[in-house]
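Examination of the molecular architecture
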Amino acid sequence: MKKNLYFLLSLLVLASVILAACGTPATEAPAPATEAPATEVPATEAPVMGPAGTEPIAFPDGGKTVTGAWSQEPDNIVPYYSQMSYAVWIAQLTLVGLGEWDADGNFVPELAVDVPTADNGGVSADGLTITWQLKEGLYWSDGEPLTSADVKFTWESVMDPANAVLSRTGYDKIASVETPDDYTVVITFSELYPAWQTLFTQGPNNAGSILPKHILEGQTGLESNAFIHQPNVGSGPFVITEWVPGDYMTLLPNPNFYAGRAKLDQVQIKFVPDPETALAALQTGDVDWYPDFSESDIETVGALEPAVHLLVVPGASFEHYFFNMGTVEGVDGQGKSDVDGFCPFKDIKVRKAITLGINRQAFVDSLLAGKTSVPATQWPNSGWTNTSLQPDAYDPDGAAALLEEAGYTLGADGIRHGDCNGTDTKLSFNFETTTKQIRVDIALAVQSDLAKIGVEFKPIHTPAGTFFGSYADGANMPLGKFDMAGYTTGFYPDPFSDNFFCSQIPNAENGAGNNNYHLCDPALDELLTAVNASADPAVRKTALDAAQKYIYDNYYVVMAYARANVLGYVDRIEMGDMSDYSNRNWNAEAWNVK
Amino acid sequence: MWTYIARRAIQASFTLLIITVLCFILTRFGSADPMAQYANNPNMSAADKEALRERLGLNAPLPVQYFKWLGLALQGDLGISFFSKQPVGEMIAQRLPNTVILMFTTEIVTVSIALLLGIISAVKQYSATDNVITAFSFIGFSMPIFFSALGLMLIFAVKFKEWGLPYMPTGADVWDKKDPLEYIQHMVLPVSALVIVQVAGYARFVRSSLLEVLGLDYIRTARAKGLTSRVVLFKHALRNAALPLVTIVGLDIPFLLGGAIVTESVFAWPGMGRLFWEYAQRGDFPVVLGVLLIISTAVVIFTIITDVLYTLVDPRIQFT
């Protein structure tokens, strides 16, 4: 026994010594992990005569490497089979499309020579035929030529019923894809498809990677194919060479990238679920950038300057509050909800008063450090924004006057009440949203603002999984069992949305409808339908401006703030122009270290 | 003994069957809706969503879904993840070793320190040392794990670097899991965080168990025989006092396989806890059920092993 005790004690001492000795020396650099042999390959320009290589460029000794921390791991890389932003981000690094959106929201070519327009003959007069011209001398990372046949194969693969893609939206409107030569792709639609720019292209909310025919041809059930999960051949600036599930991913430069070899020699992505860890890791230099901070971290990250830089990019998605406009009767027999929304919201004066009664700029300034803005419409920060509209300023007196005008007078309890369709109704209603901290903070601010004008605003915070549940699951939003609700959405890069259509109101016959506003306004239906009446972006913009103004004038939604993407990065890296959330890796080939 | 084990195994298989039913029901009603994340996807039409629901098998009646899953599970096939489309068995196999290494190291360190602290506390009952040990172990015990984990990271990684001292990695770096030194380096903070929280329970257990034994007649007899206190303590007292510890450790081991959700998340440790948590949030039923099945099977098996071991270390217990 005595011997055993000594053995145990010795073990403990030994363990303590090991624990004490294994601190990281302050100067030690992380050892770069690489699988490929360390032979240096010279940088190349865009290949014209042949492929510059057949394998990803091995990481050279002392090469330029950066490590990013992402809060989630992509499930699949090919975005036809995933809806995760993280999948889109990796696709932007590895499997590109014909075009993409740059940091300013401009539609620019990628594998194509130029974006099709009516002027360059790319868009036919009737808008039904789109012709893309590919760059010459394109190669996959394995040295095989990338041609129009790959584009056609991509369409066939998406449309093949044997492949379980998440969505065929748009691709199912294509009647044929012709490839008169290796560089020309002629897409003919069976009906007008104004959002054609979102097909075969990479952008926020859409990712149309071109798939390699030479690898996937003849295979079906691609949803379970190893390539879909982890493509080992690519067309982007990098190629995935190693992926340890739940841990990290290593990407090395693609020798055949159309714009030339990426400036970095290696990119590693580590999956770090906790933003606090990422913050600590940025400070110790364990990671170089973290793109997943939330808006409530703006101040914390900003305080770490100059060692860690803060980058806030207001995007095209937005946080908005909206009124339940549902009616059991519907309008002209259509757009019926299962239940009626809160009666006073049918009055535009009440909706306007609530909008004027919330000091939106104040919470943008205090809770979001003034780094984003209150948008006027649901198409903020993009080329589709109706710039003639400005958000209403905070005006509690004006709001109170409007409520008086609408017949709602202050009661003894400080809450207004008045007649609504023959019933004395208190201006007291629930507001539903998720449990996200910034939503809790803002809801409290709104509650306090509205109390000042005699409106009782009662926030209910539900976990996102329940809040966004479906009609079949009995979730409140599709069932119409709420007064007011709030969440983030965005209509970009294609501006069209049927979220406002009468036909999309969820009810017993149409449980899958996506009109959570339960708003049926035939005039708005008509205005939004006009947005999709042409394939010409200029014509669509005019129509959308009118629709934006109509929603704005009718106070159907309260725009809270443009969602901002919050990044932290260490001083040594240069990431160039960062674009909107889902589109932020659009120029990864230009990333560099100082 | 073999008859005993066989009988327990038969009982265990029924227990497991009931557990699978309960897990299945809990997963379906307690976890997120796998379709919720698609609710606001502008690119997915209602038909797309319906097709996906059908593909995931969510339209079938629950009993059909259960028996389909059970039938495959009995053949060793835990199904395919809804989202990653990877076989669940493979996903678990990738993460299990990391969890086993992290959690078993934690258990060994915890039990070793707890034995040491428990013995000192019991032998020096009500002394200043006992009081200090008790106080500190309770502080550790009452600390939420995320607090101790982030606290350790802030001090030994961030602040140590700031002060120019050798500092620990946060776990957010990319490191080579084949290098034992790097592995140990990266385990120090998570293991410490877990030990701080867990050690108090065990230490108190050893202390009270030892105190109880030290008060028994045979210990007095041993002392009366003129044996040294050390021999009395380690040869006579501790051996009996440690017996209940075997049960506790034995029953804890299967839960170790479930990993530590918070610690693994904070230190970006690619283990079972994170796998479970990340996929449960998205309502990936096959992964959630797979992890639960592995853990419950381990619990059942280790209960039997513990019972058998107990009879081996304590001759007073007989198989019946």
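Residues numbered from 1 in each chain as written. Chains lettered and ligands numbered in written order. Predicted model: local features only at pLDDT ≥ 70, side-chain atom pairs only at ≥ 80, totals over all residues. Heavy atoms only, no water.

Attention shifts here to the overall build of chain A. Looking only at helices and strands, chain A features 15 helices and 22 strands. Computed over its C-alpha atoms, the radius of gyration of chain A comes to 27 Å, within 12% of the 25 Å expected for a compact globule of 594 residues. When the backbone C-alpha atoms are referred to their principal axes, chain A occupies close to 85 × 80 × 45 Å. Here chain A holds 594 residues, and 57% of them are scored as buried. A fraction of 68% describes how many contacts in chain A between residues 6 or more apart in sequence connect residues 24 or more apart. Taking the average location of the 32 positive side-chain charges in chain A and that of its 75 negative ones, the two points are 6 Å from each other. (Helix = DSSP H or I, 4+ residues; strand = E, 2+ residues; numbered from the N terminus. Rg over C-alpha atoms; globule rule 2.2 N^0.38 Å. Buried < 20%, exposed > 50% of the residue type's maximum accessible area, 1.4 Å probe, protein only. Contact = heavy atoms within 4.5 Å. Lys, Arg positive; Asp, Glu negative; His and termini not counted. Charge placed at Lys NZ, Arg CZ, Asp CG, Glu CD.)

Mean pLDDT over chain B stands at 88; residues scoring 70 or higher make up 98%. If you check the scores for this complex, the pTM reads 0.81 and the ipTM reads 0.86. (pLDDT = per-residue confidence, 0-100.)

Residues and elements named next belong to chain A. Here strand E4 (residues 129-133) shows a clear split, with Ile130 and Trp132 buried on one side and none of Thr129, Thr131 and Gln133 buried on the other. Relative to strand E6 (residues 184-189), E4 runs antiparallel, the two being bridged by five bridges. Within E6, the residue paired with Thr131 across the bridge is Val186. (Pairing = 2+ DSSP bridges.)

The subject of this paragraph is the interface of chain B and chain A. Facing the 56 residues of chain B at the interface are 56 residues of chain A. Notably, a salt bridge pairs Asp247(A) with Lys177(B), separated by 2.3 Å at the nearest N-O pair. Joining chain B to chain A, the criterion identifies 14 residue pairs in polar contact (both at pLDDT 80 or more). Every element with two or more residues in the side of chain B that touches chain A is listed here: helix H2 (46-55), helix H4 (88-123), helix H6 (145-162), helix H7 (180-214), helix H9 (229-241), helix H11 (261-266) and helix H12 (272-281) of chain B. Here the side of chain B that touches chain A gets six residues from one element, more than from any other, and that element is H4(B). Looking at the side of chain B that touches chain A residue by residue, the classes come out as 28 nonpolar, 14 polar and 14 charged. (Salt bridge = Lys/Arg side-chain N within 4 Å of Asp/Glu carboxyl O. Polar contact = N/O pair within 3.5 Å; in protein donor to acceptor, adjacent residues only side chain to side chain. Nonpolar A, V, L, I, M, F, W, Y, C, P; charged D, E, K, R; others polar.)

For the rest of this paragraph, the subject is the sheet that holds strand E15 (residues 416-420) of chain A. All names here are of chain A. Across the sheet, which stays open at both edges, the three strands sit in the order E14-E15-E16 with antiparallel pairing between neighbours. On the outer flanks of this sheet lie strand E14 (409-410) and strand E16 (423-426), each paired with one strand and no other. Here E15 pairs with E16 via four bridges, running antiparallel. Bridge pairing in E16 places His417 opposite Lys426.

What follows is about the nonpolar core. Among the nonpolar cores identified, the biggest contains 106 residues, and Phe200(A) and Met484(A) are the most heavily contacted of them. Counting residues in each nonpolar core, the second largest holds 47 residues, with Ile240(A), Ile269(A), Leu310(A) and Ala268(B) among its members. (Core = buried A, V, L, I, M, F, W, Y, C linked by side-chain atoms within 4.5 Å.)

This paragraph deals with empty space enclosed by the protein. Residues and elements named next belong to chain A. Taken as a whole, this structure holds six cavities of 30 Å³ or more when the rule is applied. As a volume, the largest cavity reaches approximately 130 Å³. In this structure, the largest cavity is lined by 14 residues; those nearest its centre are Arg360, Ala376, Tyr552, Val557 and Met559. Put simply, the parts of the chain that give the lining of the largest cavity at least two residues each are helix H15 (537-554) and strand E20 (557-570). Considering each element in turn, the lining of the largest cavity owes the most residues, three residues, to H15. Looking at the lining of the largest cavity residue by residue, the class counts come to eight nonpolar, four polar and two charged. Approximately 70 Å³ is the volume found for the second largest cavity. Trp101, Pro194, Ala195, Trp196, Gln197, Trp384, Pro493, Asp494, Pro495, Ala535, Pro537 and Arg540 are the residues that line the second largest cavity. Residue composition of the lining of the second largest cavity, grouped by class: nine nonpolar, one polar and two charged. (1 Å grid on protein atoms, 1.4 Å probe; cavity = no way out; pocket = protein on both sides within 12 Å on 5 of 7 lines; lining within 4 Å. Points joined across faces, edges and corners; volume = space filled by probe spheres on them.)

Moving on, we come to unusual backbone geometry. What you tend to see is this: most non-glycine residues have negative phi, and most peptide bonds are trans. In this chain, Glu305(A) is followed by Pro306(A) through a cis amide linkage whose omega measures 5 degrees. The residue Pro306(A) is located in the loop between helix H7 (298-302) and strand E13 (308-323) in this model. The peptide bond linking Tyr492(A) to Pro493(A) adopts the cis configuration, its omega dihedral lying at 5 degrees. When you line up the elements, Pro493(A) lands in the loop between strand E19 (484-489) and helix H14 (522-531). The residue His518(A) is not glycine, and still its phi comes out positive at about 55 degrees. Within the fold, His518(A) resides in the loop between E19 and H14. Its identity as a non-glycine residue notwithstanding, Ala268(B) has a phi of 50 degrees, on the positive side. Tracing the chain through its elements places Ala268(B) in the loop between H11 and H12. Relative accessible area serves as the criterion here: at 2%, Ala268(B) is assigned to the buried category.

Our focus in this paragraph is the packing of aromatic side chains. Overall, the coordinates contain 41 aromatic pairs over all chains when judged by the stated rule. Here Tyr321(A) and Phe431(A) contribute two aromatic rings whose centre-to-centre distance is 4.3 Å and whose plane-to-plane angle is 40 degrees, an arrangement assigned as tilted. Here Tyr321(A), found in strand E13, pairs with Phe431(A), found in strand E17 (residues 428-433); they are 110 residues apart in sequence, far enough to count as distant. The same class applies to Tyr321(A) as to Phe431(A), namely buried. Their ring planes at 55 degrees and their centres at 5.1 Å tell us that Phe156(B) and Phe160(B) sit as a pair that is tilted. Taken together, the residues span about one helical turn, with Phe156(B) and Phe160(B) both in helix H6 at a distance of four residues. You can call Phe156(B) partly exposed: its relative accessible area is 31%. Taking NZ or CZ as reference, Lys177(B) lies 3.9 Å from the ring centre of Trp175(B), over its face. Positioned above the aromatic ring of Phe83(B) is the side chain of Arg282(B), whose terminal nitrogen or guanidinium carbon lies 4.3 Å from the ring centre. (Phe/Tyr/Trp six-rings, centres within 6.5 Å; stacked < 30°, edge-to-face > 60°. Lys NZ or Arg CZ within 6 Å of the ring centre and 35° of its normal.)

Moving on: the side chain of Gln548(A). Residues and elements named next belong to chain A. By secondary structure assignment, the location of Gln548 is in helix H15. Of note is the side chain of Gln548, whose polar atom sits 2.8 Å from the backbone oxygen of Trp384. In this view, Gln548 contacts Thr377, Trp379, Trp384, Thr385, Asn386 and Leu389; residues no more than four positions away in its chain are not counted.

Attention now goes to the packing of H12(B) against helix H13 (residues 285-313) of chain B. Residue and element names in this part refer to chain B. Where H12 contacts H13, the axes come no closer than 9 Å and their chain directions differ by 145 degrees. In this structure, H12 meets H13 at a crossing whose hand is left-handed. For the pair H12 and H13, contact is made by Met272, Leu275, Phe276, Tyr279 and Ala280 and by Val287, Val288, Val291, Leu292 and Ile294, respectively. When grouped by side-chain class, the residues that make up the contact of H12 with H13 number 10 nonpolar, no polar and no charged. (Axes fitted to C-alpha atoms, helices over the stretch in contact; angles between N-to-C directions. Left-handed = near helix turned anticlockwise from the far one by under 90°.)

What follows is about the pattern of salt bridges. A side chain with one charge can pair with a side chain of the opposite charge if their charged atoms come near. Counting across every chain of the model gives 24 salt bridges over all chains. Of the charged contacts in the structure, one is a salt bridge between Glu73(A) and Arg95(B), with a shortest N-O distance of 3.6 Å. Taken together, the positions of Glu73(A) in the loop between strand E1 (65-70) and helix H2 (85-94) and Arg95(B) in helix H4 put the pair across two chains. Owing to a relative accessible area of 12%, Glu73(A) belongs among the buried residues under this scheme. Judged by its relative accessible area of 4%, Arg95(B) falls in the buried class. Through salt bridges with shared partners, a single network forms among Glu295(A), Glu319(A), Arg439(A) and Arg563(A).

Our next topic: a nonpolar patch on the surface. Residues and elements named next belong to chain B. A cluster of nonpolar side chains, namely Met1, Trp2, Ile301, Ile305, Leu309 and Leu312, defines an oily patch on the protein surface of about 640 Å² accessible area. No other element matches the four residues that H13 contributes to the nonpolar patch. Assignment of secondary structure puts Trp2 in helix H1 (residues 2-30). Given the relative accessible area of 65%, Trp2 is considered exposed. (Patch = residues over 30% accessible without salt bridge, like charges linked within 9 Å, V, L, I, M, F, W, Y side chains within 5 Å. Areas by Shrake-Rupley, 256 points an atom, 1.4 Å probe, with all protein chains shown as cover.)

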